[in-house]
Structure formats: structure tokens, C-alpha cells
Amino acid sequence: MTADYLAAALDDDGIDRQIKTGALDLGDVRGVKIWGQRVAVEVKNTAKINLSGWVAEAEVERGNLDALAGVVVHKRHGRAAPEDQWVTMTLKDFAALLAGARPE
């Protein structure tokens, strides 16, 4: 659902669900880019929120992918439409997305 929405919204058929890669997890959605650089996207659909753990997981995936930033897309309960879901990231990742480079 998240990958399909992003592919349609960004008109990019290179965006799709990521194949499971085992120990070197690359996130749940492949092909997301900004400034020509990859973005690691972790997707969560659970009633119990664990932002700290999820963001830590996205950071590992960012490193595995050598991506500009890692983000977490998580279920906004009561809202079924993919475009209504939440996106969480660190301020450092947000700054990287805005600048096109990782801050020191």
C-alpha cells in the first residue's frame, strides 16, 4: 500500500516493495530517492507505537543502503488511506532531506 501510493504520487515505477534481504535489511520500500540519493523507508502497521525502536531500525537500514535518510511510515489508526499515514524521522534525517546531504 505504501509503495504503491509513493509510486503513483511520484510517478515512479521504480518504487516497489523491497525483497527481504535478511541480516542486511534495506527497508520495506525500494526505489525512493531525493536529490538523486536513496531514502530508506521502514513501514509499520501496529497498534503499539515504538518510535524509538522504529527510528533505530530505519537508521540501520539507512546505513545498509548507504542512503541519505531513513524514515518510518506508520499506521494512523482510524485512517485507511495510505496518504493519511504518519511519517517519523530524526531532525538529522529531515535536515538531510532538505539539504541533500547528511549534516555532520
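What counts, and at which threshold
Residues numbered from 1 in each chain as written. Predicted model: local features only at pLDDT ≥ 70, side-chain atom pairs only at ≥ 80, totals over all residues. Heavy atoms only, no water. Core = buried A, V, L, I, M, F, W, Y, C linked by side-chain atoms within 4.5 Å. Buried < 20%, exposed > 50% of the residue type's maximum accessible area, 1.4 Å probe, protein only. Helix = DSSP H or I, 4+ residues; strand = E, 2+ residues; numbered from the N terminus. Contact = heavy atoms within 4.5 Å. Right-handed = clockwise from strand over helix to strand, strands pointing away. 1 Å grid on protein atoms, 1.4 Å probe; cavity = no way out; pocket = protein on both sides within 12 Å on 5 of 7 lines; lining within 4 Å. Points joined across faces, edges and corners; volume = space filled by probe spheres on them. Arc of directions from axis to C-beta. Pairing = 2+ DSSP bridges.

1. What about the nonpolar core?
Here is step 1 of the chain: Residues Ile-15, Val-29, Val-32, Val-39, Val-41, Val-71 and Leu-97 are the most contacted members of the largest nonpolar core, which totals 13 residues.
Here is step 2 of the chain: Those elements that provide at least two residues to this core are helix 1 (2-9), strand 4 (37-44), strand 5 (69-74) and helix 3 (91-99).
Here is step 3 of the chain: Per element, the largest residue contribution to this core is three residues, and it comes from strand 5.
Here is step 4 of the chain: Contacts of Ile-15, omitting those with residues within four sequence positions, involve Ala-3, Leu-6, Ala-7, Leu-10, Val-29, Arg-30, Gly-31 and Val-32.

2. As for the pairing of strand 5
Here is step 1 of the chain: Taken across its six residues, strand 5 has six buried, putting it largely inside the fold.
Here is step 2 of the chain: Of the two faces of strand 5, both are covered, the one formed by Ala-69, Val-71 and Val-73 as well as the one formed by Gly-70, Val-72 and His-74.
Here is step 3 of the chain: For the crossover that starts at strand 4, traverses helix 2 (residues 51-65) and ends in the parallel strand 5, the hand is right-handed.

3. Description of the side chain of His-74
Here is step 1 of the chain: As for its position among the elements, His-74 is in strand 5.
Here is step 2 of the chain: Judged by relative accessible area, His-74 falls into the buried class, the value being 7%.
Here is step 3 of the chain: Ignoring any residue separated from it by four or fewer positions in sequence, one finds His-74 in contact with Lys-44, Leu-51, Trp-54, Gln-85, Trp-86 and Thr-88.

4. Overview of empty space enclosed by the protein
Here is step 1 of the chain: Across all of its chains, the model carries one cavity of 30 Å³ or more by this definition.
Here is step 2 of the chain: Within this model, the largest cavity holds a volume of roughly 30 Å³.
Here is step 3 of the chain: Surrounding the largest cavity, Gln-18, Ile-19, Lys-20, Thr-21, Asp-25, Gly-27 and Asp-28 form its lining.

5. Topic: helix 3
Here is step 1 of the chain: By the burial criterion, the buried members of helix 3 are Asp-93, Ala-96 and Leu-97. For helix 3, the arc enclosing every buried residue in end-on projection is 100 degrees, short of the 170-degree limit, so these residues lie on one face. Within helix 3, the exposed residues directed more than 90 degrees away from the buried face are Leu-91, Leu-98 and Ala-99.
Here is step 2 of the chain: Its buried side turned inward, helix 3 meets strand 3 (33-34), strand 4, helix 2 and strand 5.

6. Things to note about the pairing of strand 4
Here is step 1 of the chain: With two bridges joining them, strand 3 and strand 4 adopt antiparallel strand pairing. Across the sheet, Lys-33 pairs through a bridge with Arg-38, a residue of strand 4.
Here is step 2 of the chain: Sheet analysis places strand 4 next to strand 5, joined by six bridges and oriented parallel. Among the inter-strand pairings, Lys-44 is bridged to a residue of strand 5, identified as His-74.

None of this, on its own, says anything about what the molecule does.
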